[in-house]
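Commentary on secondary and tertiary structure
Here is what each chain is made of, one letter per residue.
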Amino acid sequence: MHKLIGTKQFYKSLFTLTLPIMLQNAISSIVNMLDNLMVGRIGTEQLSGVSIANDLMFVYQLCLFGAISGAGIFTAQYFGQGNEEGVRQTFRIKIVICGIIMLLGLGLFGFADKTLISFYLHEGSQSGDLGATLRYGHVYMMIMLAGLLPQAAEFVYSSTLRETGETVVPMRASLVAVSVNLVLNYILIYGKFGVPAFGVAGAGVATVISRIVQAVIVIQWTHRHNDIKPYINGAYASLTVSGSLIRKVCVTGLPLIINESLWSLGIVMQKQSYSTRGLAVVAALNINSTFLNVFSICFIAFGDAVAIMVGQLLGAGRMDEAKDTGLKINAFVTVSCIVMGCVVYMLAPYLPEFYNTTPEVKSLAGDFLRVTGILMPLFGLCHSLYFTVRAGGKTIITFLFDSGFLMAVGVPLAFVLTRYTGLGIVSIYAICEGTALIKVFIGFAISASGIWMQNIVSD
């Protein structure tokens, strides 16, 4: 058991690292939950329309994240070398890549949003008006388009700040943004303080304003502190970037970009398959996802911790210690998620009652939450194993373990079960999500083999 349980100092270091991350994730997740609850108090069609639009926007956001991750690896290394021009050039690469993704997002969501939303709209339940859901989703999506530019800019600036040692400013900007979003939602959705009730449109406006505020905070801070962030000086004087650097970023970052893009697309495709069983399923899955995000803050924070702690040990050449640390964190995550899963299972019948929706939706959401509670230890362990393996820098292995598995197993399984079997949607959800057990075995096999461990700094 000593291989699974660490010392007091080990857990002190672990919690010192994870608690700030956990706090930020908790605030963000709880505010997002309240945001979702506010829309959910209006009605089922509004909740479903906003949920579908946000699922589509989720793909855009993860494409941005994947795009900046590859360049971010080089940003951190150039900063460590004291190479200001190198940081400046990676910043420019992020600007160009995120600009291209933003334009593609504007084109796709601006002209094909109704078609994309319609993929989720199917008869098959007693709840919900498909036409009204499409209308609400379209209205929300059109407003959200105004937030694509500030969100892309915030991603570029915040990621560069974190990679150059400044983590507090992005956190503060995030906290201010979610607070603004929450207050404006209350005012604009329900019509408070003399303001008309805008409903779904109000939710969209509140989100866009909060994203603009977040972007303004990080951009303004960066340019005002150009003495300690000198890479911003002359960053826009030219978009010239070294050809060799572009090639290196493409080689290192392409698997990450593909992984994040395919993973988000795979999640959307799975949900689209589930949606063929009726609009009530869309609303119920949204409720389930909202509470899952709140209860998963622990294992998400520990995923970041395992990446940092194991990565530092690998960089120092302490391979055995890195492997041992990963094993201890994975064990701790499993135990934590067993406890959290029990809490979710016990609260499952009561959490959907916060929503103003139909008994059918509430019943389905409760069933989904029970399944989520049972499977939470697998979700947490998969997440931790993924970041353990990724700490070694072999992005092809992590790509196959993450999005490769989802696209090869999860998506086809959901497609077949929803269209060609008579299984109930809760059973289908349990089977598809239960494939995480296979990933756990694969992850342990990879972890035990040690093929993922390498010192990329030395190389």
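Below, the structure is looked at part by part. (Residues numbered from 1 in each chain as written. Predicted model: local features only at pLDDT ≥ 70, side-chain atom pairs only at ≥ 80, totals over all residues. Heavy atoms only, no water.)

Topic: the side chain of Thr207
Relative to the elements of secondary structure, Thr207 occurs in helix H7 (residues 200–224). Note on Thr207: relative accessible area 8%, which makes it buried. Side-chain polar atoms of Thr207 contact the backbone oxygen of Ala203, separated by 3.0 Å. Not counting residues up to four positions away in its chain, the partners in contact with Thr207 are Tyr140, Met144 and Asn181. (Helix = DSSP H or I, 4+ residues; strand = E, 2+ residues; numbered from the N terminus. Buried < 20%, exposed > 50% of the residue type's maximum accessible area, 1.4 Å probe, protein only. Polar contact = N/O pair within 3.5 Å; in protein donor to acceptor, adjacent residues only side chain to side chain. Contact = heavy atoms within 4.5 Å.)

Structural notes on the environment of Cys342
With respect to the element layout, Cys342 can be found in helix H11 (residues 319–347). Each C-alpha atom, one on Cys342 and one on Gly373, is 6.1 Å from the other, the two residues being 31 residues apart in sequence.

Concerning the nonpolar core
Counting residues in each nonpolar core, the largest one holds 65 residues, and the members touching the most others are Leu14, Tyr274 and Phe368. Elements with a contribution of two residues or more to this core: helix H1 (8–40), helix H9 (279–295), helix H10 (297–315), H11, helix H12 (359–390), helix H13 (395–420), helix H14 (425–434) and helix H15 (436–449). Counting residues per element, this core draws most heavily on H12, at 16 residues. Grouped together as the second largest cluster of nonpolar side chains are 55 residues, Ile68, Leu145, Tyr231 and Val241 included. (Core = buried A, V, L, I, M, F, W, Y, C linked by side-chain atoms within 4.5 Å.)

Quick look at helix H6 (residues 168–190)
If you check H6, its first and last C-alpha atoms are 33 Å apart, about what 23 residues at 1.5 Å a residue would give, namely 33 Å. Of all the bends found along H6, the most pronounced is centred on Leu184 and spans about 25 degrees. When we look at burial in H6, the residues that qualify are Val169, Pro170, Ala173, Ser174, Ala177, Val178, Asn181, Asn185, Ile187, Leu188 and Ile189. Of the residues one or two after H6, Gly191 is the one with positive phi, at around 75 degrees. (Expected span 1.5 Å × (residues − 1). Bend = angle between axes of the 7 residues up to and from the residue.)

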